[in-house]
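Structural features, examined
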Amino acid sequence: MSANPTPNPAQSRSSATQKPRSLFSADHRTIGRQYLLLALVAVAVGTVLSLLMRLHLTWPDRVLPFHGPILPEDYLALVTFHGTLMVFFVLTTAPQNGFGNLILPSQIGARGMAFPRLNCASFWLTTLSMMVLLSATFAPGGGPISGWTAYPPLSAVASAGPGQGMGMDLWLASLTLFSLATTMASVNTLTTVVRMRCDGMTWNRLPLTVWGWFTAALLSLLAFSVLLAALVLLFCDRHAGTSFFVPMGDVVNGVLQDAKHGSGNGSPLLWLHLFWFFGHPEVYIAILPGMGLTSMVLANFARRRIFNYNLMIATTLLIGFLGILVWGHHMFVAGLNPFAGTAFSISTMAIAIPSSAKVLSWLATIWRSRPEYRTAMLFALGFVSLFVTGGLTGPILAQPILDQYLHNTFFVVAHFHLIMAMAGAFGLFSATYYWFPQITATAARPGRLMSEGLGRVHFWGTILGAYATFLPMHITGLEGEPRHYAQLTGIPGQAGHLMAKPMLMQTHITYGAIFLVLAQIPFLVNLVWSFRNGRLAGENPWAATTMEWKPGLFLADLADETSPEETISVYRGPCDYRDGNNPATFHPQWVSESVAE
Amino acid sequence: MPGILTPTETERRPERRPQRRTDDPDHGDHGNGRRPPTDKRTGGGGDGDNWNDRPQGSRGPREKLKRYRLGVFFALAGDLMFFVAIVSAFFVSQASGRFDAYNNYINPWLPTAIPPVLWLNTAVLIISSVTAEIARRKMFHQFDVMEEWFGLGKPTSRRAMPWLAATAFLGLVFLAGQWLAWQQLNVQGVFMRSNVSSHFFFLITGVHGIHLVLGVGALVGALLSLRYSQQVENRQIIVDCSVWYWHSMGVFWIFLFALLAFFQ
Ligand code: HEM
Ligand SMILES: [Cu+2]
């Protein structure tokens with residue numbers, strides 16, 4: 001290694017002035033941890049809300065302490081907060097910006113993100129956005145009730161329901177801030193990957209995690225810009241008297257809306273197009289980093305090369321690209337032109353091809369290997385399992401004719417909770433167990449590992465709980481249980497008769513959900529306990545090949561002017577575990593050929 | 001001088017040089033990243049600086065500039081999507097009608113006649129892009145940059161400042177002109193809420209105006225940095241990035257204007 005005699009003044013200064021521990025630090029690891037903490041708060045709140053929903057669905061007459069009975073509007077506000085928190089503040093924020101900040105620069109051999117200060121600004125904007133969202137609870141009339149998809153006219157007309165006044169405005173403000181923050185963050189990620197790779201880090205030597213983050217950032221950039229435009233239009237409909245989304249002659253709660261919305265000719269369909277143009281890429285933004293991580297973790301613990309590395313890069317990009325073309329599959333029953341429905345159905349099924357290619361590569365990578373079943377590995381396997389289970393219902397929903405029946409039922413809820421919520425969470429869990437040394441290590445203290453024993457309990461509890469909760473929802477959905485309904489008991493007449501059957505399973509699902517939440521206790525205990533007392537990780541505890549485990553790399557980017565700067569170089573692609581049976585021989589990306597031979 | 005600035009073509013090809021090391025004294029950049037940040041197209045070194053060969057922070061004088069520029073371009077790509085979304089909504093709304101109670105198909109879109117002052121505004125914006133580009137080039141003028149490098153004052157700033165100030169001024173004129181257009185429409189009784197078409201007219205001019213306000217802010221920031229910042233590299237970056245942003249807003253406007261003027 002050639003030491004660089006003259007440290008670049010600009011660079012050393014920036015790393016020295018950034019106190020890594022300060023609240024407004026521009027240090028990428030600190031920001032990554034801050035994002036993860038934010039996501040942890042969001043997931044905790046979102047989980048409590050989901051439990052309340054389950055309890056209400058099962059025992060609708062129970063009274064909530066300190067609150068009273070859960071009214072229908074309360075239930076819908078719970079749905080909205082739960083969805084918004086989980087989709088945006090957990091599944092978008094944690095994988096992409098949390099682990100992205102923490103790990104991505106090291107994995108490409110960079111000393112930091114391209115724009116550290118912008119990074120800090122994105123984080124605090126995200127935090128502000130979450131605070132604005134949560135403050136909607138206290139709005140007169142309560143929180144917004146139009147769900148995370150905010151379909152008009154419900155979302156466009158303040159009198160459409162309690163919470164659709166101030167509460168909805170706060171929701172809009174929150175998502176506007178979030179879109180801006182996410183766009184800034186993705187600009188940062190993209191520039192970092194394009195410009196900051198180290199010596200020798202060619203595009204096809206990039207770890208698949210980096211490809212996941214990169215593709216997700218590309219999607220974020222495009223998708224959140226469109227969401228922002230949609231939010232602006234919705235804001236105008238609410239406050240500038242326009243009628244982009246409010247049709248002529250629309251009567252809401254007995255009041256004709258024409259006078260308030262110009263002499264317009266709007267259509268809710270326009271919102272659906274704009275929203276889902278954002279919304280479908282968004283679900284891939286949430287899952288692509290997890291897919292990348294799964295590939296890497298499976299290869300690491302199976303000590304195998306990734307099956308067909310270049311194809312995996314291609315499928316990542318292809319999923320990203322196709323993801324932009326399929327938004328109409330959320331609109332089959334919304335009044336879409338039937339021909340458009342067919343086109344969207346075909347593009348949607350096309351996306352199953354690269355997705356299946358990924359699954360095949362995962363399976364081929366671990367096929368007949370004798371993997372080490374560490375917790376990170378278990379969660380990666382869980383990811384594969386959930387991705388398959390949740391994915392299989394995708395092509396079913398992609399049939400317009402079947403979706404006529406299934407749309408807005410719990411079948412859809414089951415689909416996306418398995419594939420997005422649970423697979424996404426498993427990706428995050430795997431990342432947490434795998435990268436815990438990176439989460440805990442600072443210049444002053446060494447990295448630690450999480451407890452494997454508790455991890456195992458956590459894994460088995462979570463996977464059982466996940467399936468116990470979400471598999472039966474397929475059945476209740478097929479039996480006709482609709483989503484976004486506050487109460488399905490005590491309905492008079494034929495509808496009540498229809499609902500009697502799915503109601504039988506409600507108690508089971510709710511117990512499943514409670515079990516699933518309880519299964520997270522070992523995780524929280526593990527986090528807290530291992531943070532102080534976990535086994536010391538040492539250097540490269542998983543015998544991994546990617547750059548974040550390069551000894552000393554981590555100290556190098558905390559270095560001040562006095563420490564010599566070392567050139568960071570990469571000599572090969574990741575996952576070079578040459579002798580599959582002997583875990584001791586493997587070739588990390590940073591070791592040059594001459595040393596390795 | 002050129003010998004230092006320009007590593008030969010073969011040297012820059014990583015696959016031909018398996019031993020990519022930077023401690024080779026003949027290898028152009030010595031890793032301190034302190035060569036003069038001029039705009040001379042050398043065909044190597046200065047602009048061919050390749051991440052593949054050199055450690056970060058020593059990829060030549062334009063490394064940081066290129067990073068920021070790329071960031072701005074990514075951000076502008078997102079912004080382009082923002083406008084594309086709005087323009088698509090424009091066309092969708094324009095094409096959609098409904099059936100009234102007597103089963104007649106009605107399309108209530110009434111084209112908004114654009115106030116003629118928009119032509120003037122467009123001209124002003126185009127001129128402002130020209131002044132902006134002149135300012136940007138002044139920042140990279142080789143003699144001036146070299147003088148600064150030798151420590152002889154801040155000639156780049158001195159030369160760029162009037163052009164940049166003119167750009168900001170023209171930007172404000174454009175904004176005032178847009179405001180005037182709004183007033184003229186209001187006098188005619190056309191408001192944002194009047195018709196679907198006027199929704200879009202005010203929306204598009206409005207969001208584009210907000211972008212220009214941000215642009216003027218960036219130009220003012222650039223002017224301040226020309227005045228106060230010592231590092232020529234930083235001044236180049238902020239001028240370069242604001243000007244690229246400004247150009248893009250000009251281009252966006254030309255398309256938006258064409259949309260409003262000819263596609264109503
Ligand atoms: C094999 C690939 C997939 C196909 C064919 C597919 C198909 C569909 C279809 C047709 C719907 C609409 C159902 C309806 O509303 O009636 C849907 C909903 C949904 N999908 Fe998928 N999907 C796939 C993969 C994924 C992935 C990978 C994710 C996320 C990681 C995901 C997340 C969602 C979500 C969140 C919804 C519901 C949105 C809502 O209405 O709130 N899907 N999917
Ligand atoms: Cu979708």
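Residues numbered from 1 in each chain as written. Chains lettered and ligands numbered in written order. Predicted model: local features only at pLDDT ≥ 70, side-chain atom pairs only at ≥ 80, totals over all residues. Heavy atoms only, no water.

An unreviewed UniProt entry lists chain B under the name Cytochrome c oxidase subunit 3, with Granulicella aggregans given as the organism. Per its UniProt entry, chain B bears the Sequence similarities (unreviewed entry) comment "Belongs to the cytochrome c oxidase subunit 3 family." (UniProt positions renumbered as here; feature names shortened; annotations may be inferred.)

**Quick look at the overall build of chain A**
The helix and strand tally for chain A stands at 17 helices and 6 strands. A compact globule built from 597 residues should have a C-alpha radius of gyration of about 25 Å, and chain A, at 25 Å, falls within 12% of that. Its C-alpha atoms put chain A at 80 × 50 × 50 Å along the principal axes. Counting contacts in chain A only where the partners sit at least 6 residues apart, residues at least 24 apart contribute 79% of the total. Of the roughly 22000 Å² of accessible surface on chain A, a fraction of 70% belongs to carbon and sulfur atoms. Charge centroids of chain A, computed over 31 positive and 26 negative side chains, lie 8 Å from each other. (Helix = DSSP H or I, 4+ residues; strand = E, 2+ residues; numbered from the N terminus. Rg over C-alpha atoms; globule rule 2.2 N^0.38 Å. Contact = heavy atoms within 4.5 Å. Areas by Shrake-Rupley, 256 points an atom, 1.4 Å probe, with all protein chains shown as cover. Lys, Arg positive; Asp, Glu negative; His and termini not counted. Charge placed at Lys NZ, Arg CZ, Asp CG, Glu CD.)

**Thoughts on the UniProt feature "transmembrane region" (unreviewed entry) in chain B**
Residue and element names in this part refer to chain B. Residues annotated by UniProt as "transmembrane region" (unreviewed entry) correspond here to residues 70-93, 113-132, 160-180, 200-224 and 244-263. As annotated, residues 70-93 has a helix share of 100% and a strand share of 0%, and its two end C-alpha atoms lie 35 Å apart. Helix makes up 80% of residues 113-132 and strand 0%, whereas the separation of the span's terminal C-alpha atoms amounts to 31 Å.

**Overview of the coordination of the iron atom of ligand 1**
Inspection of the coordination sphere of the iron atom of ligand 1 shows a single protein donor, His415 of chain A (NE2), at 2.1 Å. Taken as an interatomic distance, the gap from the iron atom of ligand 1 to the copper ion (ligand 2) is 4.5 Å. (Donors = N, O, S within 2.8 Å, 3.2 Å for Na, K, Ca; no water.)

**Comments concerning the confidence of the model for chain B**
Residue and element names in this part refer to chain B. Across chain B, pLDDT averages 82, with 77% of residues at or above 70. This model gives residues 1-34 a pLDDT under 50, and the stretch forms 65 contacts once residues within four places in sequence are excluded. Taken together, the stretch residues 38-52 has pLDDT below 50 and engages in 47 contacts with residues farther than four places along the chain or on a different chain. ipTM for the predicted complex: 0.91, alongside a pTM of 0.90. (pLDDT = per-residue confidence, 0-100.)

**Thoughts on the environment of Thr127 of chain A**
Residues and elements named next belong to chain A. Structurally, Thr127 is set in helix α4 (residues 116-135). Taking the relative accessible area as the measure of exposure, Thr127 reaches 11% and is therefore buried. For the pair formed by Thr127 and Gln34, sequence separation is 93 residues and the distance between their alpha carbons is 9.5 Å. (Buried < 20%, exposed > 50% of the residue type's maximum accessible area, 1.4 Å probe, protein only.)

**Quick word on unusual backbone geometry**
Note that the residue after Pro152 of chain A, namely Pro153 of chain A, is joined by a cis bond; omega there is 0 degrees. Turning to its location among the elements, Pro153 of chain A is positioned in the loop between α4 and α5 (166-195). At Arg303 of chain A, a position not held by glycine, the phi torsion is positive, near 55 degrees. Checked against the element boundaries, Arg303 of chain A lands in the loop between α7 (268-302) and α8 (309-323). Of note in the backbone geometry, Asn103 of chain B takes a positive phi value of approximately 65 degrees without being a glycine. Mapped onto the elements of the fold, Asn103 of chain B is located in the loop between β1 (98-99) and β2 (105-106). Exposure remark for Asn103 of chain B: the relative accessible area of 60% places this residue in the exposed category.

**A word on the side chain of His458 of chain A**
Residue and element names in this part refer to chain A. With respect to the helices and strands, His458 occurs in helix α13 (residues 452-478). When its relative accessible area of 0% is taken as the criterion, His458 is described as buried. Within the structure, the side chain of His458 is placed 2.7 Å from the side chain of Tyr433, a separation counted as a polar contact. Excluding residues that lie within four positions of it along the chain, His458 makes contacts with Phe379, Phe429, Tyr433, Ala519, Gln520, Pro522 and Phe523. (Polar contact = N/O pair within 3.5 Å; in protein donor to acceptor, adjacent residues only side chain to side chain.)

**Here we look at the coordination of the copper ion (ligand 2)**
Residues and elements named next belong to chain A. In the first shell of the copper ion (ligand 2), the protein supplies His280 (ND1), His329 (NE2) and His330 (NE2), at 1.8 to 2.1 Å from the metal. Each donor residue of the copper ion (ligand 2) lies on the same chain, and together they follow the pattern H-x48-H-H. On the basis of relative accessible area, His280 is assigned to the buried category, the value being 6%. Taking relative accessible area as the criterion, His329 reaches 14% and is therefore assigned buried.

**A short note on the site of ligand 1**
All names here are of chain A. Every one of the 23 residues lining ligand 1 counts as a neighbour, but Trp148, Asp403, His407, His415 and Arg483 are closest to it. Between ligand 1 and Asp403, the relevant distance is 2.5 Å, taken from an oxygen atom to a side-chain nitrogen or oxygen of the residue. His415 places a side-chain nitrogen or oxygen 2.9 Å from a nitrogen atom of ligand 1. For the shell around ligand 1, the secondary-structure elements that each account for two or more residues are α7, α9 (338-366), α10 (375-397) and α12 (410-440). For the shell around ligand 1, the residue count by class is 14 nonpolar, 7 polar and 2 charged. (Near = heavy atom within 4 Å. Nonpolar A, V, L, I, M, F, W, Y, C, P; charged D, E, K, R; others polar.)

**Focus on the packing of α7 of chain A against α9 of chain A**
Relative orientation and spacing of two packed helices are given, respectively, by the angle between their axes and the distance between those axes. Residues and elements named next belong to chain A. Running from amino to carboxyl end, α7 crosses α9 at an angle of 15 degrees, the nearest separation of the two axes being 9 Å. Between α7 and α9, the angle is such that the two are roughly parallel. Relative to α9, the crossing made by α7 is left-handed. Across the interface between the two elements, His280, Tyr284, Met291, Thr294, Ser295, Leu298, Ala299 and Ala302 of α7 pack against Ile351, Lys358, Trp362, Thr365 and Ile366 of α9. Looking at the contact of α7 with α9 residue by residue, the class counts come to 8 nonpolar, 4 polar and 1 charged. (Axes fitted to C-alpha atoms, helices over the stretch in contact; angles between N-to-C directions. Parallel < 35°, antiparallel > 145°, perpendicular 65-115°, else oblique. Left-handed = near helix turned anticlockwise from the far one by under 90°.)

**Quick look at the UniProt feature "domain: Heme-copper oxidase subunit III family profile" (unreviewed entry) in chain B**
Within this structure's numbering, the places UniProt gives as "domain: Heme-copper oxidase subunit III family profile" (unreviewed entry) are residues 69-264 of chain B. The span residues 69-264 of chain B is 79% helix and 2% strand, and its two end C-alpha atoms sit 35 Å from each other.

**A look at the packing of α4 of chain A against α5 of chain A**
All names here are of chain A. Packing of α4 against α5 leaves a shortest axis separation of 8 Å and a crossing angle of 160 degrees. As judged from the angle between their axes, α4 and α5 are roughly antiparallel. In terms of crossing hand, the pair formed by α4 and α5 is left-handed. Residues Leu118, Asn119, Ala121, Ser122, Leu125, Thr126, Leu128, Ser129, Val132, Leu133 and Ser135 of α4 form the contact with α5, whose participating residues are Leu170, Trp171, Ala173, Ser174, Leu177, Phe178, Leu180, Ala181, Met184, Ala185 and Asn188. Counted by class, the contact of α4 with α5 contains 15 nonpolar, 7 polar and no charged residues.

**Description of the packing of aromatic side chains**
Residue and element names in this part refer to chain A. Inspection of the entire model under this criterion finds 59 aromatic pairs over all chains. For the ring pair Phe88 and Trp148, a centre distance of 6.1 Å and an interplane angle of 65 degrees mean the geometry is edge-to-face. Note that Phe88 is positioned in helix α3 (residues 72-107) and Trp148 in the loop between α4 and α5, a separation of 60 residues in sequence. With relative accessibility at 0%, the residue Phe88 sits in the buried group. Note on Trp148: relative accessible area 11%, which makes it buried. (Phe/Tyr/Trp six-rings, centres within 6.5 Å; stacked < 30°, edge-to-face > 60°.)

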